[in-house]
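Chain by chain, the residues:
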Amino acid sequence: MITNTEPGKLRIGVVGLGLMGSSIVVALAISDHPIIAIAPIKQDLEYAHNYLSEEISHCASAGILVQSPEYYLSRITISEDYADLCDCAIVFECVVEDLEIKKRVYQNIQQSVPVTTIIASNTSALPISLLQSFVKNPERFLGIHWAEPAYMSRFLEITCGDLTKKENAEWVYKLAHCWKKEPTLLAKDIRGFITNRLMYALYREALHLSESTGISLQDLDKCLKYDAGSWMTFMGILRRMDFYGLNDYYTIAKNLFPKLSNSNQIPKTMQEVLIKDFRGTKNGKGLYEYQDGDAQKWEHSFSQYNKDIYLLADDFPYGVIQKHLDDNGF
Ligand SMILES: NC(=O)c1ccc[n+]([C@@H]2O[C@H](COP(=O)([O-])OP(=O)(O)OC[C@H]3O[C@@H](n4cnc5c(N)ncnc54)[C@H](O)[C@@H]3O)[C@@H](O)[C@H]2O)c1
């Protein structure tokens, strides 16, 4: 088992250089890992270099690089050849959410790496225990779920499958702190992991409210932006319950729970948009209307916003708040 946690000495592989794969390459490269970036399709090869350069420039403009952008780019090898993964400590699979494609990719990876190499999937929803069944030596397989942009978000969800060796997950958990993440470690493979469980409960209730009461999507989003958005990144939801006091919880929950949606059907609004092949900003048609160029404007603004919130979160990590409380005798 690998125990080293010095990024500079650990080569890491990423297979799949789409939206998330590229972003993960950058997150790991700026943490000082030498990277092998495998492009499984031609399109990746055409765009990867420019895309990675743009993302590293974004990191430079945010002031989060220790070395020059050229230094990090020079440590990323883009290749079509899985054999280049041969001395990687971890290989991240980051290809489309398609079981058959992921299965083929694991075959290619395991033919090229030693049995000690950790293999991780960035899947959003496929069960880790199922993916693990396609891999020889399944004890080295786990889910490592990043959030976009991977190089500028604190989120990292590590999930064990039924056969994952606990020590492997704990090593990744430790290493993830070198990537400036605030990782979670889920020892049990539950459907949707943590974040999608919470988000899909919220999506269901938001769409249920819109369908049953006519509340506009704009108003629902406003509530989340200006209420939850103002405290959630600071304290999460459970500490927020403590912060506001727990005395009303019982009465509110008793009256409100029977009114919440517990439907296991896809909400009508989503059925309607999915049947029309609306894919959101990806094709300019979604729950909202988009004009030409709107998707790029959202992407640009989100990238600026991410930078600001990433830097702001640096000033308020949990440890600093705890120290402030300790220093002031709370
Ligand atoms: N987009 C997100 O915000 C997000 C967040 C968390 C997890 N994920 C997960 O990350 C993974 C990748 O998502 P993405 O958003 O980067 O997708 P994407 O569509 O941007 O990229 C998909 C990549 O898959 C690879 N690919 C496509 N067809 C292939 C084939 N036939 N054979 C081998 N490789 C092929 C290519 O590298 C392609 O660039 C998925 O499992 C997704 O669920 C995505």
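Quick note: structure is the one above.
The structure reproduced in this document is the subject of the present report. (Residues numbered from 1 in each chain as written. Predicted model: local features only at pLDDT ≥ 70, side-chain atom pairs only at ≥ 80, totals over all residues. Heavy atoms only, no water.)

Examining the environment of D189
At step 1: Along the chain, D189 falls in the loop between β8 (184–186) and α7 (195–213).
At step 2: For D189, a relative accessible area of 19% puts it in the buried group.
At step 3: On a C-alpha basis, the gap between D189 and H208 in space is 28 Å, while along the polypeptide they are 19 residues apart.
At step 4: Filtering out sequence-adjacent residues up to four positions away, D189 remains in contact with P127, I128, S129, T159, C160 and G161. (Helix = DSSP H or I, 4+ residues; strand = E, 2+ residues; numbered from the N terminus. Buried < 20%, exposed > 50% of the residue type's maximum accessible area, 1.4 Å probe, protein only. Contact = heavy atoms within 4.5 Å.)

Re the packing of aromatic side chains
At step 1: Tallied over the full model, the rule gives seven aromatic pairs.
At step 2: Consider the rings of Y71 and Y72, whose centres lie 5.1 Å apart with planes at 80°: the pair is edge-to-face.
At step 3: Classification of Y71 by relative accessible area gives partly exposed; the value is 26%.
At step 4: Summarising the aromatic geometry, the rings of W146 and W179 are spaced 5.4 Å apart at their centres and angled 20° between planes, so their arrangement reads as stacked. Of this pair, W146 sits in strand β6 (residues 141–146) while W179 sits in the loop between α6 (166–176) and β8, and the two are 33 residues apart along the sequence.
At step 5: Residue classification places W146 among the buried positions, given a relative accessible area of 2%.
At step 6: Overall, W179 belongs to the buried group, its relative accessible area being 3%.
At step 7: Aromatic rings pair up to connect F92, W146 and W179 into one cluster. (Phe/Tyr/Trp six-rings, centres within 6.5 Å; stacked < 30°, edge-to-face > 60°.)

Considerations on the layout of surface pockets
At step 1: Volume-wise, the second largest pocket comes out at about 210 Å³.
At step 2: Around the second largest pocket, the lining comprises 13 residues; the ones closest to its centre are I30, S31, I64, K180 and Y310.
At step 3: When its residues are assigned to classes, the lining of the second largest pocket shows nine nonpolar, one polar and three charged. (1 Å grid on protein atoms, 1.4 Å probe; cavity = no way out; pocket = protein on both sides within 12 Å on 5 of 7 lines; lining within 4 Å. Points joined across faces, edges and corners; volume = space filled by probe spheres on them. Nonpolar A, V, L, I, M, F, W, Y, C, P; charged D, E, K, R; others polar.)

A few points about the pairing of β6
At step 1: Burial analysis of β6 places six of its six residues in the buried class, which makes it a mostly covered element.
At step 2: Of the two faces of β6, the one holding F141, G143 and H145 and the one holding L142, I144 and W146 are both buried throughout.
At step 3: Looking at chain direction, strand β5 (residues 118–121) and β6 are connected through three bridges and run parallel. Each residue of the ladder has a partner; that of I119, found in β6, is F141.
At step 4: As paired elements, β6 and strand β7 (residues 156–160) share five bridges and run antiparallel to each other. Each bridged residue has a counterpart across the sheet, and for W146 the counterpart in β7 is L156. (Pairing = 2+ DSSP bridges.)

Considerations on the site of the ligand
At step 1: The environment of the ligand is formed by 20 residues, the closest being L19, M20, D44, E97 and K102.
At step 2: Measuring from an oxygen atom of the ligand, one finds a side-chain N or O atom of E97 at 2.4 Å.
At step 3: Contacts to the ligand include S124, whose side-chain N or O atom sits 2.9 Å from an oxygen atom.
At step 4: Taking 830 Å² as the accessible area of the ligand by itself, protein coverage stands at 75%. (Near = heavy atom within 4 Å. Polar contact = N/O pair within 3.5 Å; in protein donor to acceptor, adjacent residues only side chain to side chain. Areas by Shrake-Rupley, 256 points an atom, 1.4 Å probe, with all protein chains shown as cover.)

Some thoughts on the nonpolar core
At step 1: Core analysis: the largest hydrophobic core is formed by 46 residues, its most contacted members being L28, I90, F92, W146 and W179.
At step 2: Element by element, the count of residues in this core is highest for helix α1 (residues 19–29), at seven residues.
At step 3: Those residues in contact with I90 that sit more than four places away from it in its chain are R11, I12, G13, T117, I118, W171, L175 and W179.
At step 4: Counting residues in each nonpolar core, the second largest holds 21 residues, with Y82, L126, L131 and F193 among its members. (Core = buried A, V, L, I, M, F, W, Y, C linked by side-chain atoms within 4.5 Å.)

Describing the sheet that holds β8
At step 1: Strand order across the open sheet formed by eight strands is β3-β2-β1-β4-β5-β6-β7-β8, with mixed pairing between neighbours. Only two strands of the sheet have a single neighbouring strand rather than two, namely β3 (76–79) and β8. Within this sheet the neighbouring strands show an average axis-to-axis angle of 20°, counted without direction.
At step 2: Against the sheet, α1 touches β1 (12–15), β2 (35–38), β3, β4 (90–93) and β6, its axis set at about 170° to β1. (Axes fitted to C-alpha atoms, helices over the stretch in contact; angles between N-to-C directions.)

Topic: the pattern of salt bridges
Opposite charge on two side chains lets them pair, provided their charged atoms get close.
At step 1: Within the structure shown, the criterion is met by eight salt bridges.
At step 2: Between K102 and E97 there is a salt bridge; the shortest N-O distance is 3.6 Å.
At step 3: Relative accessible area serves as the criterion here: at 1%, K102 is assigned to the buried category.
At step 4: In this structure, the salt-bridge partner of D277 is R279, at a minimum N-O distance of 3.3 Å.
At step 5: You can call D277 partly exposed: its relative accessible area is 42%.
At step 6: Several salt bridges converge on common partners, so that one network encompasses E93, E97 and K102. (Salt bridge = Lys/Arg side-chain N within 4 Å of Asp/Glu carboxyl O.)

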